[in-house]
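Residue-level listing of the chains:
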Amino acid sequence: MSANIVFIGLGNMGLPMAQNLVKAGFSVSGHDLVRTSVDKLVESGGKTQADSMAAVAEADIVITMLPASKHVESLYLGDAGILARARPGTALIDCSTIAPESARKVAALAREKGFDMLDAPVSGGTNGATAGTLTFMVGGSQDAFAKALPYLEKMGKAIYHAGDSGSGQTVKVCNNMLLGILMIGTSEAIRLGVANGMDPRVLSEVMSKSSGRNWTLEVYNPCPGVMENVPASKDYAGGFGVDLMLKDLGLAVESALATGSAIPLGAAARNLYDIHSKNGAGKLDFSSIYSLLGKAK
Ligand code: NAD
């Protein structure tokens, strides 16, 4: 396949996603503010260019995977941004998790310049990004979705068209609010069992086959040593940062305020992640909320 892909944002998620596109045989030019991340993509068969916007000017597809709304807006908008530099007809796909209204704003400005942009946030964590099994929730036109599908399929296995621009982000905000609540609930349950003498491995195994079963128990256990190859067993390094979860819970609170929706548990989860971040855990994986709940007796 000859499509020329530019991938901007090679962090915990973006790097393995871009590597899967390389493995699928695409020409991928990778860009990040962190040089070592770019080097890793080049080592796995990708390429790069000193001037990322010069690469954008030659791209058929631009994919971005950035931390938050402000990064996306500053990269796409403005005189030197992606919308100013990309060729007409270039497919623009933002996979970052950002505010739905920010996604709609960037997509509307893109439309004015003749681009049919998609918001395509993902779920599945860094292991899902590495395995190419992410879930994509996509907002934008049906036509742009159909054109993006062959590329998204190389990075994920469940790919949904959620609706118009911003819909992908709305689904993602709802999902991550639920995920934050589940991670705290799972941590509480394991802490309670351990404090009452249970082996956390036995407890987790039984609960994951019972009605308390959920994704955090099944594939992302927050208790160190219960599961291999998850952040909890690597001193909570890598994975999905506390500050990124705090951002997503903030997006949920904003959406709830805007629509008058009641989210008592989502708001409580945001407050707990806020305290955890202020205690210095912002860069740790979000399953480290387990450590906020104290030491088991
Ligand atoms: P990360 O912080 O590891 O990576 C973001 C990368 O973007 C960094 O390497 C940073 O240097 C780069 N960057 C920022 N501004 C840039 C710019 N102007 N030009 C080039 N590079 C720039 O974050 P992540 O964990 O990879 O998450 C990325 C997005 O995906 C976030 O919106 C997050 O909420 C979402 N997400 C993360 C996970 C997860 O498990 N980590 C899962 C689903 C969704």
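Data block above holds the structure.
Keep in mind that this is a model prediction, so the values were computed, not measured.

A. Here's a closer look at the nonpolar core. Ranked by size, the top nonpolar core spans 85 residues in total, and within it Ile5, Phe7, Ala18, Leu21, Val62, Leu92 and Ile93 carry the most contacts. It is helix α9 (residues 167-195) that provides the largest number of residues to this core, a total of eight residues. Each of domain 1 (4-164) and domain 2 (170-292) contributes no fewer than three residues to this core. Residues within four places of Ile93 in sequence aside, it is in contact with Ile61, Ile63, Leu118, Ala120 and Ala148.

B. Here's a closer look at the site of the ligand. Around the ligand, the surrounding shell holds 26 residues, and the nearest of these are Gly9, Gly11, Asn12, Met13 and Phe240. Looking at the shell around the ligand, the elements that each hand over two or more residues are α4 (69-76), β6 (122-123) and α7 (125-131). Across the shell around the ligand, the residue classes tally to 12 nonpolar, 13 polar and one charged.

C. Just unusual backbone geometry, in detail. For Asn229, which is not glycine, the phi dihedral falls at a positive 60 degrees. Looking at the element boundaries, Asn229 is found in the loop between α11 (215-219) and α12 (242-259). For Asn229, a count of 8 C-beta atoms within 10 Å corresponds to the exposed category. Here Tyr236, not a glycine, exhibits a phi torsion of approximately 60 degrees, which is positive. Along the chain, Tyr236 falls in the loop between α11 and α12.

What counts and what doesn't
- Residues numbered from 1 in each chain as written.
- Predicted model: local features only at pLDDT ≥ 70, side-chain atom pairs only at ≥ 80, totals over all residues.
- Core = buried A, V, L, I, M, F, W, Y, C linked by C-beta atoms within 7 Å.
- Buried ≥ 20, exposed ≤ 12 C-beta atoms within 10 Å, placed from the backbone.
- Helix = DSSP H or I, 4+ residues; strand = E, 2+ residues; numbered from the N terminus.
- Domains from an automatic or database assignment.
- Contact = placed C-beta atoms within 7 Å.
- Near = placed C-beta within 6 Å.
- Nonpolar A, V, L, I, M, F, W, Y, C, P; charged D, E, K, R; others polar.

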